[in-house]
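Read off the chains here:
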Amino acid sequence: MSPQKVILVTGGSGLVGKAVQWVIENDTSEQFGKHADEEWVFLTSKDGDLRDAAATRAIFDKYKPTHVLHLAAMVGGLFKNMKYKLDFLRDNMLINDNVLHASFETNVQKVVSCLSTCVFPDNTSYPIDETMVHNGPPHESNFGYAHGKRMLDVYNHAYHEQYGRQYTSAIPTNVFGPYDNYSLEDAHVLPALTHKCYLAKKNNTPFVVSGTGKPLRQFIYSRDLARLFIWCLREYQEIDPIILSVGEEDEVSIKDVADAIVKALDFTGEYTFDTSKADGQYKKTASNAKLRKYLPDFKFTPFDVAVKESVEWFLDNYESLRK
Ligand code: NAP
Ligand code: GFB
């Protein structure tokens, strides 16, 4: 059968985009694997800078997508977010405006965009749910990124209410997996600590974890998240967002993360906490009750198994990976 759907994945070279590509190419199930009527196109920034409206429109004219999975964004961990608040706000506003407007102008049938649980208000009740996105200011450490991302939900409702378009969004918690960014300064905690622990073991130096180790996070393995995004693109019909997360009971501390990495890398030295460094938001515990209503049987990869697979990928690809 020749493809009737062309699915354009922005950010196709990133952590999440590569995981979507992996699932599409490797999962043989009807639910998550590739369908015969689908053609998947994975974009990188080399295909065009999505901050540029003309470059974005040229990509849409070239591939003529019927569906868009919009993952591209300026992304980074706590310390990068603290340093570049304006860039996070502006770049993400430009990328999102261009991708949604090119989708509108070229009559894309459905767009699923990506938010993040750090967009929710800092001062909130727990667990956080999908109705709370705009209920108050986000944590100050990432207000640029958070406001840029929140506007995706505003755009989705405006395109729907004025023009009936089916643009929606999903809200993942902290993600990790193969093809992550392992920058020591700018990465998220799990890849940054993997790289730091690897260097500590190699150079026989201390493994230093930033902050107190006490903050809590829900982590989702990129390949689990990829399956959920594929489901959203095919099945999810609401304009309102859906949280893509493991359960509240699977929340772990940053110390738990460091312990899992120490175990996966078989690091036997001492490690310490540099409490002069920021902790960021204490927690952002999210409910996956809405997701569970749609997919009660979805199985998440256990955290330790996913960390082990990710660390093995890191070791196998050390020379070429982003760092
Ligand atoms: P990533 O690994 O840094 O990948 C970012 C992707 O966006 C890359 O493919 C990059 O292309 C592309 N990109 C960035 N700026 C671009 C531009 N100006 N023009 C065109 N493409 C551009 O990030 P990720 O972790 O996969 O993030 C994917 C999505 O998940 C994002 O929307 C992010 O906000 C969201 N998210 C991530 C996390 C997390 O913990 N990682 C948590 C919640 C939500 P190049 O590779 O060519 O540079
Ligand atoms: O992954 P991370 O940067 O994201 O984790 P957030 C930050 C937590 O890990 C803080 C501790 O408690 C840090 O003190 N941590 C310990 C480290 N060592 C390190 C390290 O070497 N690198 C990093 N990065 N953290 C980000 C947001 O928040 O989450 C973004 O700022 C984004 O906007 C992302 O949405 C998902 O969960 O704190």
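Parameters and conventions
- Residues numbered from 1 in each chain as written.
- Chains lettered and ligands numbered in written order.
- Predicted model: local features only at pLDDT ≥ 70, side-chain atom pairs only at ≥ 80, totals over all residues.
- Heavy atoms only, no water.
- Near = heavy atom within 4 Å.
- Polar contact = N/O pair within 3.5 Å; in protein donor to acceptor, adjacent residues only side chain to side chain.
- Areas by Shrake-Rupley, 256 points an atom, 1.4 Å probe, with all protein chains shown as cover.
- Nonpolar A, V, L, I, M, F, W, Y, C, P; charged D, E, K, R; others polar.
- Phe/Tyr/Trp six-rings, centres within 6.5 Å; stacked < 30°, edge-to-face > 60°.
- Helix = DSSP H or I, 4+ residues; strand = E, 2+ residues; numbered from the N terminus.
- Buried < 20%, exposed > 50% of the residue type's maximum accessible area, 1.4 Å probe, protein only.
- Lys NZ or Arg CZ within 6 Å of the ring centre and 35° of its normal.
- Core = buried A, V, L, I, M, F, W, Y, C linked by side-chain atoms within 4.5 Å.
- Contact = heavy atoms within 4.5 Å.
- UniProt positions renumbered as here; feature names shortened; annotations may be inferred.

A. Inspection of the site of ligand 1 at higher detail. Around ligand 1, 28 residues are found, and the nearest of them are Ser13, Ser45, Tyr145, Lys149 and Arg322. A distance of 3.2 Å separates an oxygen atom of ligand 1 from a polar backbone atom of Gly14. Here Arg322 contributes a side-chain N or O atom positioned 2.7 Å from an oxygen atom of ligand 1. For ligand 1, whose accessible area on its own is 900 Å², the fraction buried by protein is 87%. Looking at the shell around ligand 1, its residues break down into 13 nonpolar, eleven polar and four charged.

B. View of the packing of aromatic side chains. Per the stated rule, a full pass over the model turns up 24 aromatic pairs. On the basis of an interplanar angle of 75° and a centroid distance of 5.8 Å, the ring pair of Phe176 and Phe303 is categorised as edge-to-face. Placement of Phe176 in strand S6 (residues 174-176) and of Phe303 in helix H10 (residues 303-316) is noted, with a sequence separation of 127 residues between them. Considered together, Phe176 and Phe303 belong to a single accessibility category, that of buried residues. Ring plane angle 75° and centroid distance 5.0 Å describe the contact between Phe298 and Phe300, whose orientation is recorded as edge-to-face. For the pair Phe298 and Phe300, a shared accessibility class is recorded, and that class is buried. One aromatic cluster is present, built from ring pairs that chain together Tyr179, Tyr182, Tyr198, Trp313, Phe314 and Tyr318. We note Lys323 situated over the ring of Tyr318; from NZ or CZ to the ring centre the distance is 4.4 Å.

C. Looking closely at the nonpolar core. By size, the foremost hydrophobic cluster in this structure holds 34 residues, and its most contacted members are Val20, Trp40, Phe229 and Leu244. Of all the elements in the fold, those that place two or more residues in this core are strand S1 (5-10), helix H1 (15-26), strand S2 (38-42), strand S4 (110-114), helix H7 (222-235) and strand S10 (242-244). Residues in contact with Leu244, not counting those within four places in the same chain, are Ala170, Ile171, Pro172, Thr173, Ile220, Leu225, Leu228, Phe229, Cys232 and Leu291.

D. Representation of the UniProt feature "domain: NAD-dependent epimerase/dehydratase" (unreviewed entry) in the chain in the model. Following the UniProt record, one finds the feature "domain: NAD-dependent epimerase/dehydratase" (unreviewed entry) at residues 7-245. Secondary structure across residues 7-245 comprises 42% helix and 17% strand; the distance between its end C-alpha atoms is 24 Å.

E. Fine view of the environment of Trp231. The topology assignment puts Trp231 in helix H7. Of the residues examined, Trp231 reaches a relative accessible area of 7% and is grouped as buried. The spacing of Trp231 and Phe32 is 199 residues in sequence and 6.8 Å in space, taken between C-alpha atoms. Once residues lying within four places of it in the same chain are set aside, the contact partners of Trp231 are Phe32, Tyr236, Ile242, Leu291, Tyr294 and Leu295.

F. Structural context of the site of ligand 2. Among the 25 residues in the neighbourhood of ligand 2, the closest are listed as Leu78, Cys118, Ala278, Asp279 and Lys284. The contact in question runs from an oxygen atom of ligand 2 to an N or O atom on the side chain of Ser116, over 3.0 Å. One of the backbone N or O atoms of Asp279 is found 2.6 Å from an oxygen atom in ligand 2. Here ligand 2, which alone exposes 710 Å², has 97% of that area covered by the protein. For the shell around ligand 2, the secondary structure elements donating two or more residues are helix H3 (78-83), helix H6 (189-203) and strand S7 (207-210). Of the residues forming the shell around ligand 2, the biggest block, four residues, is contributed by H6. Residue composition of the shell around ligand 2, by class: twelve nonpolar, nine polar and four charged.

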